[in-house]
Each structure stands twice: as structure tokens, then as C-alpha cells.
Amino acid sequence: PMLSVAISQSVAILIFYLTVYVFTRVLGFNPFLRVTTLLFFTFFSSFVLINTSFLTESLYISITLAIGICVVQYKKKDSLKYWIASCLLLFLSGSIKFVGIINLAWFIPLVFDWVNLSKADSPKTISTQKTSTIHKMAMLVGLFASSIVPLAFWFYRKRLLIGGTSSSHHFFEVFRTE
């Protein structure tokens, strides 16, 4: 069992470094800054701890950065495949960690762009604007579904296993009527 855990952790660390490298390329970092970023993640004390213990942190951070890559690529290329990939990664991040819903923050600039662009449209584009608005609403529904469904599964699993939302935190204890 320890060998399989060590191999999976090694793969997660490799995925992490690959994701950091791709993220710095997508953001347009020069090669020196890319290497500096990779060295920062190698020698920063928190990441040394994360990479030497068998946690899901490396994989979760990789998925978080991959969501960022997909969102940036969607913004640059306006391709639906990047949106779908980011929603799938959002679902995966929420499945790995309860706090995966925080990755919705990557999408805030896109939503603000959509709101500002729809206000600036001319009256000539009303017929195409309606289609694009419906399309954007469908994309937002998919986005929120991919973030809420894992959260609902987490709550349901916790409810089944321990009878509440958490064994160490008592979030909703105030509402109990027992």
C-alpha cells in the first residue's frame, strides 16, 4: 500500500509542476520568471511539507491552476471546449476537497465581462444578443451545477456517515431541535 501511495503522490507532484509550468506559459511569463516560479514552489516551506506528506493538496492545487488555465484560454480564444473543461475541473476540485467551490472565483471576471458587454451592445444586435444571452445563461447554469453538485454530495455523505455536517465543526447545531 505504501508503494502505491508514494507512486500516486509522485504523479500528483509531477502533475502539479507541469500545471504550474503551463500556467506560467499561458500567462506569458518569460523563461526566467517561469523557472523562478517553479523554484519558489520547490523550496517554499509550505510546499515542501505538502509534497512530502501524502495529502491531496498537490492534486487539488494542480486542478485549481488548471481551472485558471482553462478560464484564461477561454477568455483568449472564446472556445466552448475550454469552458466545458473548466466546469469539469471545477466538479473534480469540489469532489476532491470540500472547499473546491472557492474555485468559482476564477469565473468572476468573465461574468463581469458578460454583463458589461451586454450593456454596451447596439440595438442592431438584439436578435443575436438574445441567443448569446441564452447561451451564456446555459453556461452559467452548467458552471453552478458543476460547483454545487459535489458540495451537495459532501453534505449528504457527511449526513449519512456521522449524522451531521462535520464531526469537528458544528455549523448547523443551532438549528437542531432534539
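Residues numbered from 1 in each chain as written. Predicted model: local features only at pLDDT ≥ 70, side-chain atom pairs only at ≥ 80, totals over all residues. Heavy atoms only, no water.

### Quick notes on the confidence of the model for the chain
Inference 1: For the chain, the average pLDDT comes to 83, and 84% of its residues sit at 70 or higher.
Inference 2: Segment residues 124–131: pLDDT under 50, and two contacts once partners within four positions in sequence are set aside and those in other chains are kept. (pLDDT = per-residue confidence, 0-100. Contact = heavy atoms within 4.5 Å.)

### Digging into the packing of helix α1 (residues 2–26) against helix α4 (residues 57–77)
Inference 1: Put simply, α1 and α4 touch, their axes get as near as 9 Å, and they point 25 degrees apart. By the angle between their axes, α1 is roughly parallel relative to α4. Here α1 runs over α4; the crossing is left-handed. Residue-level inspection shows Gln9, Ala12, Ile13, Ile15, Phe16, Thr19, Val20, Val22, Phe23 and Val26 of α1 in contact with α4, the latter providing Ser58, Leu59, Ile61, Ser62, Leu65, Ala66, Gly68, Ile69, Val72, Gln73 and Lys76. (Axes fitted to C-alpha atoms, helices over the stretch in contact; angles between N-to-C directions. Helix = DSSP H or I, 4+ residues; strand = E, 2+ residues; numbered from the N terminus. Parallel < 35°, antiparallel > 145°, perpendicular 65-115°, else oblique. Left-handed = near helix turned anticlockwise from the far one by under 90°.)

### Side note on the packing of aromatic side chains
A ring pair, where both rings are aromatic, is described by two values, the distance of the centres and the angle of the planes.
Inference 1: For the structure on display, the rule yields twelve aromatic pairs.
Inference 2: For the pair tryptophan 83 and phenylalanine 107, a centre-to-centre distance of 5.2 Å together with 75 degrees between the ring planes defines the contact as edge-to-face. Here tryptophan 83 is found in helix α5 (residues 80–96), whereas its partner phenylalanine 107 is found in the loop between α5 and α6 (108–120), with 24 residues between them in sequence. In terms of burial, tryptophan 83 and phenylalanine 107 fall into one category: buried.
Inference 3: Taking 6.2 Å as the distance between ring centres and 85 degrees as the angle between the ring planes, the aromatic pair formed by phenylalanine 98 and tryptophan 154 counts as edge-to-face. Highlighted residues: phenylalanine 98 in the loop between α5 and α6 and tryptophan 154 in helix α7 (residues 126–162), separated in sequence by 56 residues.
Inference 4: By relative accessible area, phenylalanine 98 is classed as partly exposed at 36%. (Phe/Tyr/Trp six-rings, centres within 6.5 Å; stacked < 30°, edge-to-face > 60°. Buried < 20%, exposed > 50% of the residue type's maximum accessible area, 1.4 Å probe, protein only.)

### Focus: the nonpolar core
Nonpolar side chains in soluble globular proteins generally cluster together in the buried interior.
Inference 1: The biggest cluster of nonpolar side chains holds 18 residues, and the ones touching the most others in it are Ile67, Tyr74, Trp83, Phe107 and Leu143.
Inference 2: For this core, the secondary structure elements donating two or more residues are α4, α5, α6 and α7.
Inference 3: If one sorts the elements of this core by residue count, α4 sits on top with six residues.
Inference 4: Not counting chain neighbours up to four residues away, the residues in contact with tyrosine 74 comprise Ser79, Tyr82, Trp83, Leu110, Trp114 and Met139.
Inference 5: In terms of nonpolar packing, the next biggest core, distinct from the first, is built from eleven residues, Val20, Val26, Ile50 and Leu65 among them. (Core = buried A, V, L, I, M, F, W, Y, C linked by side-chain atoms within 4.5 Å.)

### Comments concerning a nonpolar patch on the surface
Inference 1: Residues Leu3, Ile7, Val11, Ile15 and Leu59 make up a contiguous nonpolar surface patch of about 430 Å² in total accessible area.
Inference 2: Tallying contributions element by element places α1 first for the nonpolar patch, with four residues.
Inference 3: Residue position: leucine 59 is located in helix α4.
Inference 4: The class for leucine 59 is partly exposed, based on a relative accessible area of 32%. (Patch = residues over 30% accessible without salt bridge, like charges linked within 9 Å, V, L, I, M, F, W, Y side chains within 5 Å. Areas by Shrake-Rupley, 256 points an atom, 1.4 Å probe, with all protein chains shown as cover. Salt bridge = Lys/Arg side-chain N within 4 Å of Asp/Glu carboxyl O.)

### A look at the packing of α4 against α5
Inference 1: Where α4 contacts α5, the axes come no closer than 9 Å and their chain directions differ by 160 degrees. The orientation of α4 with respect to α5, classified from their angle, is roughly antiparallel. Crossing of α4 over α5 shows left-handed handedness. Contact residues: α4 offers Leu59, Tyr60, Ile63, Ala66, Ile67, Cys70, Val71, Gln73, Tyr74 and Lys77, while α5 offers Tyr82, Trp83, Ala85, Ser86, Leu89, Leu90, Leu92, Ser93 and Ile96.
Inference 2: Residue composition of the contact of α4 with α5, grouped by class: 15 nonpolar, three polar and one charged. (Nonpolar A, V, L, I, M, F, W, Y, C, P; charged D, E, K, R; others polar.)

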